[in-house]
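# Observations on the three-dimensional arrangement
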Amino acid sequence: MKHLFLTLTAILAVSTVASAELPLKIYSGRRDTVTVEKQTIVGVTEGGATATINGQAVKVYPTGSFGSEVALAIGDNKIDVQVSKNGETTESSFNIFRKEAQPAKTRRNSDPLADERTTTFDSPIYVTTTDGAYLQFGNGDDRLGGSKMGYIADGITLKVDGEKGGLYRVALSKNRFAYLPKEYTTPASSGNPVVNTGSWSVSNTGRTDRIYVSLPTRLAYQYRTEMNPSTITIDLFGATDNSNWITQRSMDLGIIDYVNFEQVESDVYRIIINLKEKYQWGFSVKYESNALVIDVRHHPENVGLKGLVVGLDAGHGGPYPGAISPSGIQEKDINLEIVLKLRDMLERAGAKVVLTRDSDTGPSMGERKRIWKDANVDIAISIHNNSGGGALAAPGTAALYKHAFDRPFAEAICRRLLDLNVSLFGLVGNFNFALNSPTEYPNMLVEGLFMSSLEEEALLADPDFRTRMAKQVFFGLEDYLKTVNKSLK
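Residues numbered from 1 in each chain as written. Predicted model: local features only at pLDDT ≥ 70, side-chain atom pairs only at ≥ 80, totals over all residues. Heavy atoms only, no water.

So, on to helix α4 (residues 407–417). Taken together, the buried positions of α4 are occupied by Pro408, Phe409, Ala410, Ala412, Ile413, Cys414 and Leu417. Elements that come into contact with the buried residues of α4 comprise β19 (221–227), β29 (379–386), β30 (397–400), β31 (424–428), β32 (443–450) and α6 (463–487). (Buried < 20%, exposed > 50% of the residue type's maximum accessible area, 1.4 Å probe, protein only. Helix = DSSP H or I, 4+ residues; strand = E, 2+ residues; numbered from the N terminus. Contact = heavy atoms within 4.5 Å.)

This brings us to the pattern of salt bridges. Per the counting criterion, the structure on display carries 24 salt bridges. Between Asp80 and Lys78 there is a salt bridge, and its shortest N-O distance comes to 3.9 Å. A salt bridge links Asp479 to Arg416; the nearest nitrogen and oxygen atoms lie 2.6 Å apart. Placement of Asp479 in helix α6 and of Arg416 in helix α4 is noted, with a sequence separation of 63 residues between them. On the basis of relative accessibility, which here comes to 23%, the residue Asp479 falls in the partly exposed class. (Salt bridge = Lys/Arg side-chain N within 4 Å of Asp/Glu carboxyl O.)

With that settled, consider helix α3 (residues 365–374). Along an α-helix, residues three or four positions apart point the same way, because every turn accommodates 3.6 residues. Among the residues of α3, Arg368, Ile371 and Trp372 are the ones counted as buried. Here the buried residues of α3 occupy an arc of 90° about the axis, which is enough to place them on one side. Exposed residues on α3 whose side chains face more than 90 degrees from its buried face are Lys373 and Asp374. Among the residues trailing α3, Asn376 stands out with phi positive, at a value near 55°. (Arc of directions from axis to C-beta.)

So, about unusual backbone geometry. Residues apart from glycine generally show negative phi values, whereas peptide bonds are mostly found in trans. At the junction of Asn228 and Pro229, the peptide bond is cis and its omega measures out at 0° in the coordinates. Residue placement: Pro229 occurs in the loop between β19 and β20 (230–237). A positive phi is found at Asn86, a non-glycine position, where the angle reads about 50°. Topologically, Asn86 is positioned in the loop between β7 (75–85) and β8 (88–98).

The next thing to look at is the packing of helix α2 (residues 331–348) against α6. Two numbers describe how α2 lies on α6: the axes approach to 9 Å, and their chain directions differ by 50°. In terms of orientation, α2 lies oblique with respect to α6. α2 and α6 meet at a crossing whose hand is right-handed. Residues Ile334, Glu337, Ile338, Lys341, Leu342, Met345 and Leu346 of α2 pack against Pro463, Arg466, Thr467, Met469, Ala470, Lys471, Val473, Phe474 and Leu477 of α6. Of the residues assigned to the contact of α2 with α6, the class counts are 11 nonpolar, 1 polar and 4 charged. (Axes fitted to C-alpha atoms, helices over the stretch in contact; angles between N-to-C directions. Parallel < 35°, antiparallel > 145°, perpendicular 65-115°, else oblique. Left-handed = near helix turned anticlockwise from the far one by under 90°. Nonpolar A, V, L, I, M, F, W, Y, C, P; charged D, E, K, R; others polar.)

Per-residue confidence for the chain averages 94 on the pLDDT scale, and 94% of its residues sit at or above 70. Low pLDDT (under 50) marks residues 5–19, which in the prediction has 12 contacts with non-local residues, meaning those over four places away or in another chain. (pLDDT = per-residue confidence, 0-100.)

All right, on to the pairing of β7 then. Pairing of strand β4 (residues 50–53) with β7 involves 4 bridges; the strand directions are antiparallel. By the bridge assignment for β7, Thr52 is matched with Gln82. Taking the residues between adjacent antiparallel strands as the criterion, β7 and β8 are bridged by 2 residues, where Asn86 takes a positive phi near 50°. (Pairing = 2+ DSSP bridges.)

Here the focus is the side chain of Thr197. With respect to the helices and strands, Thr197 occurs in the loop between β16 (195–196) and β17 (200–204). Within the local environment of Thr197, its side chain forms a polar contact with the backbone nitrogen of Asn242, the two atoms lying 3.0 Å apart. Setting aside residues no more than four positions away along its own chain, Thr197 makes contact with Ser214, Leu215, Ala239, Thr240, Asp241, Asn242, Ser243 and Tyr269. (Polar contact = N/O pair within 3.5 Å; in protein donor to acceptor, adjacent residues only side chain to side chain.)

Moving on, we get to the side chain of Gln39. Tracing the sequence through the fold places Gln39 in strand β3 (residues 38–44). What makes Gln39 buried here is its relative accessible area of 9%. From its side chain, Gln39 meets the backbone oxygen of Gly29 in a polar contact 3.1 Å long. In this structure Gln39 touches Gly29, Arg31, Val34, Ser68, Glu69, Val70, Leu72 and Ile96, once residues within four positions along its chain are discounted.

Before going further, it helps to examine the sheet that holds strand β24 (residues 268–275). An order of β19-β20-β24-β23 is seen for the 4 strands of this open sheet, with the pairing classed as antiparallel. Whereas interior strands pair on both sides, the edge strands pair on one side only; in this sheet they are β19 and β23 (256–265). Across the sheet, the axes of successive neighbouring strands diverge by a mean angle of 20°, strand direction being ignored. Of the strand pairs in this sheet, β20 and β24 are connected by 7 bridges, and their pairing is antiparallel. Paired with Thr233 across the strands is Ile272, a residue of β24.

This is the structure in structure tokens:
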């Protein structure tokens, strides 16, 4: 998609037609008054130009972006920016006033913990979950929402003993509580007593191993995965053991070795699923009537790219551009081009690819998850690029995941991304992003580079580099599948 690389050129060409001057835009750092000792000045001109800031030559990247850090004295500081190309020069001058920083004022009788507190009710109320409900560990929040324990089914009645903003605090058991968004609840007249579990069964459905646990009512639960040993555990809140038998209805299970349980607290019942294989291919937890049903996926028939159903997501899109670089390149366009290149590579290798978008559209997070779930993808990757930090830094690449069983997949791709000779920003776990929340299939998210970095912006603006990035993600997926395949032999 050559138009992506030509975006900036077209913008600058229009500017040149409109004015005889060599274009010069002060992107950031032009401030009337500051208290800092140094200020980073970032400008944008044409690629191939030269630039100086206060007489000091600075590097101009192919995108036309340039920048430098300027020391500021107390009082007025004149900043002169000059760009030149083919005998043509454009200048911009402005003043930054630096004043002494004042000590932060402390408010009398202020409560530093006021924003952390939950209001406790005099008497509890009861609510029932609706579709889309999830539990949070605490009452905190950020741009991705509070840290999620996990999604839970609808129709679960819970006791509420407090609230903070849009969250209810719910009692999961005598000793455990969580937070539940109010928007995913309806009022209930009363709660449930602690109930007894019923009989179990375990069977092979062909694509999954299924665990069926009889219960008299729907209960809240929390799931987690472990890699060593390879297990899935599910805590049922408000249950005591009365399961006098566990019937295995298929002699040859696909991935489950055996199942067991523990009564870890008087009202917390733990289901333990021990797996035969080190690498997990996903699971789901749901209710059929009041019975808890857990489906654990078998590995694909061919653990390789041929025939594998791969979900690919190009972050942002449509009215949501994502990060915008100093020279005006939009993240949504970079993400899409990398995804389309990656799609072509995967399809040539025999994979089936399911895209959440293939053009400049902006489906919701819920719609993107639905697309992958309906297609029954085997594995999924979301492609993004980052923003933040200083323009003169080069923070590097990152691979992100939510669940423990996704870590090896994210790590394999992260190692390949580092072959691009970029820095490591991080291998990030417990990432609270919507597309990393599903447990039905292994998934991870790539944050390629920082569009806010002048150096990394220049890399992302290069079509050859975008192709190389797509190749490294491809190689990382291939590495992961080879490792999984080797573990099965």
